[in-house]
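Descriptive analysis of the structure
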Amino acid sequence: MIRSAVAVWKGSPLIGEGQVSTSSGVISNALYAAGSSTGNEPCTSPSEMLAAAVASCMSLMVVQEMRREGMKPQLVKTESSLTLEEKKGQWEITEIDSNVTVSVPGANEKKVQHAATIAKGKCPIARALNVPIKVKAKVQAVEAELAAA
């Protein structure tokens, strides 16, 4: 499987802007900027897209690992935060924190955390990065269990 993307940048590094598209067409001419960290710009950034890649990959791998262990999650939500720091005049990704929330009938936190930890090692995006990735998992009550309470 080959996945590809095209990014076009116009202008200087600080004042310019770019557009990025993926071969699937799901992302099409999305605006991006180097420093779109204030949240006020209607665009993304390479680091935000990387955090999204880690989060989506982790969710898929957690589901796969939980199914392998006999659990049937109804929902897996992963929120990934990427830390970007300037060191010696260069920007570095120093850490990625992923918080996984799972809705699965009858599961316990320990089993879910184990599945998430195994999933981190199986996620090809996480494995491609030379960055510490922390994973925390928690179980969210399933709607049927809430209704019975």
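Described in the following lines is the structure provided in the data block. Please read all numbers here as calculations on a predicted model, not as lab measurements.

**Here's the deal with the nonpolar core**
- By size, the foremost hydrophobic cluster in this structure holds 25 residues, and its most contacted members are Val-62, Met-66, Val-100, Val-102, Val-104 and Val-112.
- Ranked by residues supplied to this core, first place goes to helix H1 (residues 46–68) with seven residues.
- Every residue in contact with Val-102, bar those within four places of it in the chain, is listed here: Val-62, Met-66, Pro-73, Leu-75, Val-76, Val-112, Lys-138, Val-139 and Gln-140.

**Topic: the packing of H1 against helix H2 (residues 109–122)**
- Running from N to C, H1 and H2 point in directions that differ by 125 degrees, and their axes come no closer than 8 Å. The angle between H1 and H2 falls in the class oblique. Handedness of the H1/H2 crossing: right-handed. Contact residues: Met-58, Met-61, Val-62, Glu-65, Met-66 and Arg-68 in H1; Val-112, Ala-115, Ala-116, Ile-118, Ala-119, Lys-120 and Lys-122 in H2.
- Counted by class, the contact of H1 with H2 contains nine nonpolar, no polar and four charged residues.

**Things to note about the pairing of strand S2 (residues 17–22)**
- Across six bridges, the pairing between strand S1 (residues 5–10) and S2 is antiparallel. By the bridge assignment for S2, Val-6 is matched with Ser-21.
- Connecting S1 to the next strand, S2, in antiparallel fashion are six residues, including Gly-11 with a positive phi near 100 degrees.

**Focus: the state of the cysteines**
- The tally for this structure, following the rule as stated, stands at one disulfide.
- Across a sulfur-sulfur distance of 2.4 Å, Cys-57 and Cys-123 are joined as a disulfide pair. Looking down the S-S bond of the Cys-57 and Cys-123 bridge, the torsion is 140 degrees, so its handedness is right-handed. A residue pair is termed long-range when its members are at least 10 positions apart, and Cys-57 in helix H1 and Cys-123 in the loop between H2 and helix H3 (124–128) qualify at 66 residues. In this structure, Cys-57 and Cys-123 share a single accessibility class: buried.

**Concerning the environment of Ser-45**
- Relative to the assigned elements, Ser-45 resides in the loop between strand S3 (30–32) and H1.
- Considering only alpha carbons, one finds Ser-45 and Leu-31, 14 residues apart in sequence, at a separation of 8.3 Å.
- Engagement of the side chain of Ser-45 in a polar contact is seen with the side chain of Ser-47, the distance being 3.1 Å.

**Considerations on the pattern of salt bridges**
- Scanning all chains against the criterion turns up four salt bridges.
- Of the charged contacts, one joins Glu-65 and Arg-68 as a salt bridge, the two residues approaching to 2.7 Å between their closest N and O atoms. Of the two residues, Glu-65 and Arg-68 both sit in helix H1, three residues apart, roughly one turn of that helix.
- You can call Glu-65 buried: its relative accessible area is 2%.
- We note a salt bridge from Lys-134 to Glu-95, for which the minimum N-O separation is 2.8 Å. Separated by 39 residues along the polypeptide, Lys-134 in strand S6 (residues 133–140) and Glu-95 in strand S5 (residues 90–103) bring together distant segments of the chain.
- A single salt-bridge network, built from bridges that share partners, covers Glu-65, Arg-68 and Lys-122.

So, how was this worked out
- Residues numbered from 1 in each chain as written.
- Predicted model: local features only at pLDDT ≥ 70, side-chain atom pairs only at ≥ 80, totals over all residues.
- Heavy atoms only, no water.
- Core = buried A, V, L, I, M, F, W, Y, C linked by side-chain atoms within 4.5 Å.
- Buried < 20%, exposed > 50% of the residue type's maximum accessible area, 1.4 Å probe, protein only.
- Helix = DSSP H or I, 4+ residues; strand = E, 2+ residues; numbered from the N terminus.
- Contact = heavy atoms within 4.5 Å.
- Axes fitted to C-alpha atoms, helices over the stretch in contact; angles between N-to-C directions.
- Parallel < 35°, antiparallel > 145°, perpendicular 65-115°, else oblique.
- Left-handed = near helix turned anticlockwise from the far one by under 90°.
- Nonpolar A, V, L, I, M, F, W, Y, C, P; charged D, E, K, R; others polar.
- Pairing = 2+ DSSP bridges.
- Disulfide = S-S within 2.5 Å.
- Polar contact = N/O pair within 3.5 Å; in protein donor to acceptor, adjacent residues only side chain to side chain.
- Salt bridge = Lys/Arg side-chain N within 4 Å of Asp/Glu carboxyl O.

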